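Coordinates in review
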Amino acid sequence: MPYPEEAEGFQIDSADTWTTFHKRHFKLKPFGDYDVDVKILACGVCGSDLHTISGGWGAQNFPLAVGHEILGIAVRVGPKVTLIKEGQRVGVGAQSFSCGQCKQCKNENETYCPVIMIDTYGSKWPEEYGGVVSQGGYSSHVRTHEHWVFPIPDGLDTNIAAPMLCAGLTAYSPLVRNGAGPGKKVGIIGLGGIGHFGILFAKALGAEVWAISRSRSKEEDAKKLGADGFIATNEADWEKPHKFSFDLIVNCANSSKGFELHKYLSLMDVHAPFVSVGLPEEAGQEIKAQNLLSNGVMIGASHLGSRRETLEMLQLAADKGIKSWVEEIPISEEGLKEAVTRLKNNDVKYRFTLTGYDKAFGA
């Protein structure tokens, strides 16, 4: 059955077959007064997609079409929609719904809503919303509440903007919430999909930016992205020259293997925040109170970002000419297998964008 009752997409059936994509139709949630239907033009490939389909983050609601860095055209808007107009180029990120009424939602912390949290893919809608499992951007269409649909500035290319809807926002929100800007020294741990945005946005906000990586293999890339300095943690006593020197560090690392947390924490100025945004599959590090006392470091985390932050990030990228480092791959069974396999092998600098949606699903 075609749109608007259903969308067509590429689904994974189990974690045991995580590289085998099946093109098929699936039901969309019932169309609501505040919903927007987006015909997808491009979608970034996020590390979250890989962790989900491969079983790294546990049991999932298969079959599942992943993808939450979505760019497309609003082709239908509900009768009560005021934020989006039909025909606009828009984006959808990793979240598609929250209650909108609780303290967190009303304080622009809607990504921390404790009442209801619907991810763009993999969440089961309550029965009052149709009870279907949300499906993501490896598909022809996505149906999303208007609050989570974002107009894209004219100055941003579609394929460049797509990865900003998750990876970009994940890096941007902790930067602005923790004062990254002129006169601040910011460290970005992990030069991958999120980390490369961390450097780009921290620099655009006016901060002094240092890339922190295991080796110097990505030092040239870091400097091209705008990093002012580089620290390689496989070098002896790497932390000693930099103790008490950082006002903020955003940890984007995708693995916690061999991660000597106490050394990273020693880099922080007194009461400066160390904020994690990466979600490694491993257990993580042991935190000892003794390692926090010398500088009173604050440890925290950050999840996505608000609507306001998303709009500000996209406009900053347009104003400053910020460009994601992307490789385009046509969406198909073969293209998707290549994308997730290469991502698993860390063979990407630094984001894939899926293209060719009209060829896959029709104009």
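Counting of residues starts from 1 at the beginning of each chain's written sequence and follows it residue by residue. With pLDDT at 70 or above as the cut-off, local features in this predicted model cover only qualifying residues; side-chain atom pairs require 80 or more to be listed or tallied, and sums for whole chains, interfaces and linings still use all residues. For side-chain calculations, the full set of non-hydrogen atoms in the structure is used, while hydrogens and water are omitted.

Going by the annotation in an unreviewed UniProt entry, the name recorded for the chain is alcohol dehydrogenase (NADP(+)), with Exophiala mesophila given as the source organism. UniProt positions are given in the numbering used here, feature names are shortened, and annotations may be inferred rather than shown by experiment. Reading the Subunit (unreviewed entry) entry of the UniProt record for the chain gives the comment "Homodimer." The record in UniProt for the chain states the following under Catalytic activity (unreviewed entry): "a primary alcohol + NADP(+) = an aldehyde + NADPH + H(+)".

Taken from the UniProt record, the annotation "domain: Alcohol dehydrogenase-like N-terminal" (unreviewed entry) applies to residues 33-154. Secondary structure elements follow DSSP: runs of H or I of four or more residues count as helices, runs of E of two or more count as strands, with numbering from the N terminus. Taken end to end, residues 33-154 comprises 9% helix and 31% strand; its first and last C-alpha atoms sit 27 Å apart.

Any two rings among Phe, Tyr and Trp, with Trp reduced to its six-membered ring, count as a pair given centres within 6.5 Å; such a pair is stacked if its planes are under 30 degrees apart, edge-to-face if over 60, and tilted if neither. Under the definition given, this model contains 12 aromatic pairs. Ring geometry for F97 against W125: centres 5.3 Å apart, planes inclined by 50 degrees, an arrangement best described as tilted. Separated by 28 residues along the polypeptide, F97 in strand β6 (residues 95-98) and W125 in the loop between β7 (117-119) and β8 (141-145) bring together distant segments of the chain. For the pair formed by F97 and W125, the shared burial category is buried. Ring plane angle 75 degrees and centroid distance 5.6 Å describe the contact between Y172 and F201, whose orientation is recorded as edge-to-face. One end of the pair, Y172, is in helix α4 (residues 167-177); the other, F201, is in helix α5 (residues 193-204), with 29 residues separating them in the sequence. For each residue, the accessible area found with a 1.4 Å probe, counting protein chains only, is set against the maximum for its type, and the residue is called buried under 20%, exposed over 50%, and partly exposed in between.

Another aspect to go through is the sheet that holds strand β10 (residues 185-189). Should DSSP find at least two bridges between two strands, the strands are regarded as paired. Taking strand neighbours across the sheet as the criterion, the six strands line up as β12-β11-β10-β13-β14-β15 in an open arrangement whose pairing is parallel. The open sheet has two free edges, formed respectively by β12 (229-232) and β15 (298-301), since each of these has just one partner strand. Strand-to-strand, the axes of this sheet are offset by a mean angle of 20 degrees, without reference to chain direction. Pairing of β10 with strand β11 (residues 208-213) involves five bridges; the strand directions are parallel. Angles run from 0 to 180 degrees between N-to-C directions of axes, and those axes are lines fitted to C-alpha atoms, restricted for helices to the stretch in contact.

It is worth spelling out the domain arrangement of the chain at this point. Residue ranges assigned to each domain were obtained from an automatic or database domain assignment. When its domains are assigned, the chain resolves into domain 1 (6-165 + 325-361) and domain 2 (167-301). The contact rule is simple, with two residues in contact once any of their heavy atoms fall within 4.5 Å. With 15 residues of domain 1 at the interface, the matching set in domain 2 holds 18 residues. Summed over both partners, the accessible surface that disappears when two parts come together, traced with a 1.4 Å probe, is what is meant by buried area. Interface of domain 1 and domain 2: buried area, both sides summed, is about 1,400 Å²; carbon and sulfur atoms make up 53% of it. Among the residues domain 1 hides against domain 2, the three largest losses belong to M164, W325 and Y350. Together they make up 46% of the total. When a carboxyl oxygen of Asp or Glu lies within 4 Å of a side-chain nitrogen of Lys or Arg, that pair is called a salt bridge. If you look at where domain 1 meets domain 2, you find one salt bridge. Between D221 and K349 there is a salt bridge whose closest N-O contact spans 3.1 Å. In terms of residue class, the side of domain 1 that touches domain 2 is made up of seven nonpolar, four polar and four charged. Classification used: nonpolar for Ala, Val, Leu, Ile, Met, Phe, Trp, Tyr, Cys and Pro, charged for Asp, Glu, Lys and Arg, polar for all others including Gly.

The next thing to look at is the side chain of R342. By the secondary structure assignment, R342 is in helix α10 (residues 333-344). Residue R342 is classed as buried on the basis of its relative accessible area of 17%. In protein, a polar contact means a hydrogen-donor-capable atom and an acceptor-capable atom, both N or O and within 3.5 Å, with residues adjacent in sequence counting only if both atoms are side-chain atoms; elsewhere, any N or O pair within 3.5 Å suffices. Engagement of the side chain of R342 in a polar contact is seen with the side chain of E327, the distance being 2.8 Å.

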